[in-house]
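Here is how the chains run, residue by residue.
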Amino acid sequence: DVKVTQSSRYLVKRTGEKVFLECVQDMDHENMFWYRQDPGLGLRLIYFSYDVKMKEKGDIPEGYSVSREKKERFSLILESASTNQTSMYLCASSFVTGRNNEQFFGPGTRLTVL
Amino acid sequence: GNSVTQMEGPVTLSEEAFLTINCTYTATGYPSLFWYVQYPGEGLQLLLKATKADDKGSNKGFEATYRKETTSFHLEKGSVQVSDSAVYFCALIWSGGYKLSFGAGTTVTVRA
């Protein structure tokens, strides 16, 4: 089975702190994604990576950056956390793009910024 | 642009009741359509999918048919169980793309 793991299930940080969320997948997938999930808004794409060191902005990249130094690992960085970044963050990976793009999700990290 | 609209919840049902969650979409071209499910405390997992018009996806007793004429992909299950309590997301991707567009999610609670 495909496994996508995220470094923390729950995280509490203070405003202004630098925050790292880590995601690892074990299926040699090319594509990795970071979403945030908010009630009533569904999932919104923050960033997408289609190869090592390659990234593209999603719908809501402001306030976030990403890093992909190894194929299996995709990090989301909040340079200076703010309270409006309190949310559930979900990482996903997939092998292909296009109409058969089944994405596999990690369990999520619930981040609270105080 | 591509977008998905699904019925608002929450939905509360008794065991063995019939479940329908409506999903309609707006997209250019011919997208693929998905239903994802999120059980409490977990990430999303693919429930079923359909990649072309008139395809029917099915899994775990759930079904959805890709209706191009009504731009819909409604999710149905004939007899729900308590274990079906979850949040259900409708999503689409267009043929050349990487980005899944999600609906807002529908919370379903099944009571014994």
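This report concerns the structure included in the present document.

The rules we used
- Residues numbered from 1 in each chain as written.
- Chains lettered and ligands numbered in written order.
- Predicted model: local features only at pLDDT ≥ 70, side-chain atom pairs only at ≥ 80, totals over all residues.
- Heavy atoms only, no water.
- Helix = DSSP H or I, 4+ residues; strand = E, 2+ residues; numbered from the N terminus.
- Buried < 20%, exposed > 50% of the residue type's maximum accessible area, 1.4 Å probe, protein only.
- Lys, Arg positive; Asp, Glu negative; His and termini not counted.
- Charge placed at Lys NZ, Arg CZ, Asp CG, Glu CD.
- Salt bridge = Lys/Arg side-chain N within 4 Å of Asp/Glu carboxyl O.
- 1 Å grid on protein atoms, 1.4 Å probe; cavity = no way out; pocket = protein on both sides within 12 Å on 5 of 7 lines; lining within 4 Å.
- Points joined across faces, edges and corners; volume = space filled by probe spheres on them.
- Nonpolar A, V, L, I, M, F, W, Y, C, P; charged D, E, K, R; others polar.
- Pairing = 2+ DSSP bridges.
- Axes fitted to C-alpha atoms, helices over the stretch in contact; angles between N-to-C directions.
- Polar contact = N/O pair within 3.5 Å; in protein donor to acceptor, adjacent residues only side chain to side chain.
- Contact = heavy atoms within 4.5 Å.
- Phe/Tyr/Trp six-rings, centres within 6.5 Å; stacked < 30°, edge-to-face > 60°.

## What to know about the overall build of chain A
Okay, step 1: Scanning chain A from N- to C-terminus turns up zero helices and 11 strands.
Okay, step 2: For chain A, the sequential pattern of α-helices and β-strands runs β-β-β-β-β-β-β-β-β-β-β.
Okay, step 3: Projected onto its principal axes, the C-alpha positions of chain A cover 40 × 30 × 25 Å.
Okay, step 4: Buried positions account for 46% of the 114 residues belonging to chain A.
Okay, step 5: If you average the places of the 16 positive and of the 15 negative side-chain charges in chain A, the two averages end up 5 Å apart.

## Re the pattern of salt bridges
Okay, step 1: Inspection of every chain in the model, using the stated rule, returns 11 salt bridges over all chains.
Okay, step 2: Among the ionic pairs, glutamate 79 of chain A bridges to lysine 18 of chain A, the shortest N-O distance being 3.5 Å. Placement of the pair is glutamate 79 of chain A in the loop between strand 8 (73-78) and strand 9 (87-94) and lysine 18 of chain A in the loop between strand 2 (10-13) and strand 3 (19-25), with a sequence separation of 61 residues.
Okay, step 3: Relative accessible area serves as the criterion here: at 44%, glutamate 79 of chain A is assigned to the partly exposed category.
Okay, step 4: Residue lysine 18 of chain A is classed as partly exposed on the basis of its relative accessible area of 45%.
Okay, step 5: Residue lysine 52 of chain B is joined to aspartate 55 of chain B by a salt bridge in which the shortest nitrogen-to-oxygen separation is 3.3 Å.

## Some thoughts on the layout of surface pockets
Okay, step 1: Empty space within the largest pocket amounts to approximately 450 Å³.
Okay, step 2: Lining of the largest pocket is provided by 24 residues; of these, Gln37, Met88 and Arg110 of chain A together with Gln38 and Val87 of chain B occupy positions nearest its centre.
Okay, step 3: Broken down by secondary-structure element, the contributors of at least two residues to the lining of the largest pocket are strand 4 (31-38) and strand 9 of chain A together with strand 10 (86-93) and strand 12 (106-111) of chain B.
Okay, step 4: For the lining of the largest pocket, the per-class residue count stands at nine nonpolar, 11 polar and four charged.
Okay, step 5: Around the second largest pocket, the lining residues are Glu102, Gln103, Phe104, Phe105, Gly106 and Pro107 of chain A together with Glu42, Gly43, Leu44, Gln45 and Leu46 of chain B.
Okay, step 6: Counting residues per element, the ones that place at least two in the lining of the second largest pocket are strand 10 (104-105) of chain A together with strand 6 (44-50) of chain B.
Okay, step 7: For the lining of the second largest pocket, the element with the highest residue contribution is strand 6 of chain B, accounting for three residues.
Okay, step 8: Split by residue class, the lining of the second largest pocket holds five nonpolar, four polar and two charged.

## Notes on the sheet that holds strand 7 (residues 65-70) of chain A
What holds strands together in a sheet is hydrogen bonding between their backbones, with the strands either parallel or antiparallel.
All names here are of chain A.
Okay, step 1: The antiparallel open sheet is built from four strands, whose spatial order is 1-3-8-7. A single partner strand is all that each edge strand has here, and the edge strands are strand 1 (4-6) and strand 7. On average, each strand axis in the sheet is inclined to that of its neighbour by 20°, with strand direction left out of account.

## So, the side chain of serine 72 of chain B
Residues and elements named next belong to chain B.
Okay, step 1: Mapping serine 72 onto the fold places it in the loop between strand 8 (62-65) and strand 9 (75-77).
Okay, step 2: Exposure remark for serine 72: the relative accessible area of 4% places this residue in the buried category.
Okay, step 3: Among the polar contacts made by the side chain of serine 72, one reaches the side chain of threonine 70 at a distance of 2.8 Å.
Okay, step 4: Excluding its chain neighbours within four sequence positions, the residues that come into contact with serine 72 are Cys23, Thr24, Tyr25, Leu33, Thr65, Tyr66 and Arg67.

## With respect to the packing of aromatic side chains
Okay, step 1: With the rule as written, the count across this model stands at 13 aromatic pairs over all chains.
Okay, step 2: Plain terms: the ring middles of phenylalanine 33 of chain A and phenylalanine 48 of chain A are 4.9 Å apart, the flat faces sit at 25° to each other, and that makes the pair stacked. Of this pair, phenylalanine 33 of chain A sits in strand 4 while phenylalanine 48 of chain A sits in strand 5 (residues 42-51), and the two are 15 residues apart along the sequence. Each member of the pair, phenylalanine 33 of chain A together with phenylalanine 48 of chain A, is buried.
Okay, step 3: Ring centres 5.7 Å apart and planes at 35° place the aromatic pair tyrosine 35 of chain A and phenylalanine 105 of chain A in the tilted group. Of this pair, tyrosine 35 of chain A sits in strand 4 while phenylalanine 105 of chain A sits in strand 10, and the two are 70 residues apart along the sequence. Phenylalanine 105 of chain A shares its class with tyrosine 35 of chain A; the two are buried.
Okay, step 4: Through pairs of rings, three or more aromatic residues link up here, namely Phe33, Tyr35, Phe48, Tyr50 and Phe105 of chain A together with Phe34, Tyr36, Phe89 and Phe102 of chain B.

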